[in-house]
Amino acid sequence: MNPSWQKGYSTKSVYLQTPFHQGIGYVNLRINAAMIQVQNVSKHYGELVAVDNISFQLEKGDVLGFLGPNGAGKTTTMRIITGYMPPTKGSVYISDIDVFEDPQAAKSHIGYLPENPPLYEDMVVREYLDFVADIKQVPNREKNGRIHYVMEKCGIVNVGKRIIGHLSKGYKQRVGIAQALINDPEVLVLDEPTSGLDPMQIIEIRELIKGLSGERTVILSTHILPEVTMICSKVVIINKGKIVLEESLERLTNKIDGIENILLKTRYWGEEIQEKIISLPNVSDIRLGLSNELIIEPKKGVDIREDLTDLVMQNGWGLLEMRPVVHNLEEVFLRAISTEGN
Ligand SMILES: Nc1ncnc2c1ncn2[C@@H]1O[C@H](COP(=O)(O)OP(=O)(O)O)[C@@H](O)[C@H]1O
Ligand SMILES: [Mg+2]
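Throughout, a residue's number is its position along its own chain's written sequence, starting from 1. Chain letters and ligand numbers both follow the written order, the letters beginning at A and the numbers at 1. Side-chain atom pairs in this predicted model are given and counted only at pLDDT of 80 or more, local residue features only at pLDDT of at least 70, and totals for whole chains, interfaces and linings cover all residues.

A. Layout of the overall build of the protein. Helix and strand assignments come from DSSP, with helices taken as H or I runs of at least 4 residues and strands as E runs of at least 2, each series counted from the N terminus. Scanning the protein from terminus to terminus reveals 11 helices and 16 strands. Residues with at least 20 other C-beta atoms within 10 Å of their own are called buried, those with 12 or fewer are called exposed, and the rest are partly exposed. The C-beta atoms themselves are positioned from the backbone. Per-residue burial over the protein gives 34% buried out of 342 residues. This entry defines residue contacts through backbone-placed C-beta atoms, with two residues in contact when those atoms are within 7 Å. Restricting to contacts in the protein with at least 6 residues of sequence separation, those with at least 24 account for 66%.

See below:
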């Protein structure tokens, strides 16, 4: 993977003035345009390489869908980004602050909803938020205003006096997001915020997250692929600790839309089938599907079904099945994680 973070640097000339001088001239400063930069980060747990040399960067306002199967390294990466765990190698910058040189300063820019939110089950919602505001050093004069704002934003005003342990999972998750927002962070890191919720709660939390993006930069891990298309502006898929796909949602949907692949099953099976199909003038790609059928990608806007049928007939391969398959995010995901990081 290219160290794409390098693109995030720009050099700006800054005119410096001090009270003692009229101006001491132009100085070149290395200004980093990215909000979050993950640079060649690896994490080893003993022998296990949980995160393997990953790099990516996010600009202000980006909403990243961070995808990958269980055990891919998502939670580990998120803990490193939020400064809760040091990497074995590499660095993370949040708005130019090195997370490991100055974790306190970095944390003041970050709101984090861990996989298991640190909720004190026997505390009352409002008291808990007050407590978190103190821990996160929200100034006293701003505290009530902030608590009110996050309760309103997360739709928990009506449960402010309830004991956290008595709330439904959906409401607990809202409290978890509220605590992440209490210090008005520019960066929000949410580790599977909709996992374990029922379909109605999922929609509510998703709407909440949508409403929180905008000015903020958000990293969101999830297993629900349609969620990514609804909320995110960018997708990173990791598998076995490595990034296997990094793409803006716009480019991804452009790739996905408008191309209808053809699934083909034949009785006869041989190498030359693939060779002959890829030689057809309107075929742009061919690969094996999940159960060894052929998935054939036509050139954009071309219907290749007749050509394919003719080819199968001429060669006597025995047509068993031919149908269009929608090239969706799920397929992109499965394809990305089946290529072992290539
Ligand atoms: N504290 C830990 N000690 C040892 N191994 C760990 C620890 N945390 C996670 N792992 C292992 O690291 C890999 C990545 O885990 P994790 O980051 O939790 O993945 P994900 O969130 O994508 O499911 C897994 O193989 C997991 O078992
Ligand atoms: Mg996880």
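B. Expanded view of the site of ligand 1. As used in this record, a residue near a molecule or strand is one whose C-beta atom, placed from the backbone, is within 6 Å of it. Around ligand 1, the neighbouring residues are Tyr45, Leu48, Ala50, Gly68, Asn70, Gly71, Ala72, Gly73, Lys74, Thr75 and Thr76. The set of elements that each furnish at least two residues to the shell around ligand 1 consists of strand 4 (48-58) and helix 1 (74-81). Per-element tally for the shell around ligand 1: the top contributor is helix 1, with three residues. Classes in brief: Ala, Val, Leu, Ile, Met, Phe, Trp, Tyr, Cys and Pro nonpolar; Asp, Glu, Lys and Arg charged; the others, Gly included, polar. Taken together, the residues that form the shell around ligand 1 break down as four nonpolar, six polar and one charged.

C. Quick peek at the confidence of the model for the protein. Confidence scores here are pLDDT values: one per residue, from the predictor, ranging 0 to 100. Counting all residues, the mean pLDDT for the protein is 86, and 87% of those residues have values of 70 or more. The model gives residues 1-30 a pLDDT under 50, and that stretch makes 36 contacts with residues more than four places away or in other chains.

D. The arrangement of the sheet that holds strand 8 (residues 110-113) in detail. Taken in spatial order, the six strands make up an open sheet running 8-9-10-5-11-12, and their pairing is mixed. Sheet topology places strand 8 and strand 12 (242-248) at the edges, where each strand pairs with a single neighbour. Averaged over all pairs of adjacent strands, the angle between their axes in this sheet comes to 15°, without regard to strand direction. Two strands are counted as paired when DSSP detects at least two bridges linking them. Pairing between strand 8 and strand 9 (residues 187-191): four bridges, direction parallel. Of the residues in strand 9, the one forming a bridge with Leu113 is Leu190. Here, axes are lines fitted to C-alpha atoms. For helices the fit covers the stretch in contact, and angles between N-to-C directions go from 0 to 180 degrees. Helix 5 (residues 169-181) contacts strand 8 and strand 9 of the sheet and is inclined by roughly 160° relative to strand 8.

E. View of the environment of Gly111. Counting through the fold element by element, Gly111 comes out in strand 8. Here the alpha-carbon distance between Gly111 and Asp184, two residues 73 residues apart in the chain, equals 7.8 Å.

F. Geometry of unusual backbone geometry. Although it is not a glycine, Gln137 adopts a positive phi angle of roughly 55°. Mapped onto the secondary structure, Gln137 falls in the loop between helix 3 (125-135) and helix 4 (140-153). Exposure remark for Gln137: the 11 C-beta atoms within 10 Å place this residue in the exposed category.

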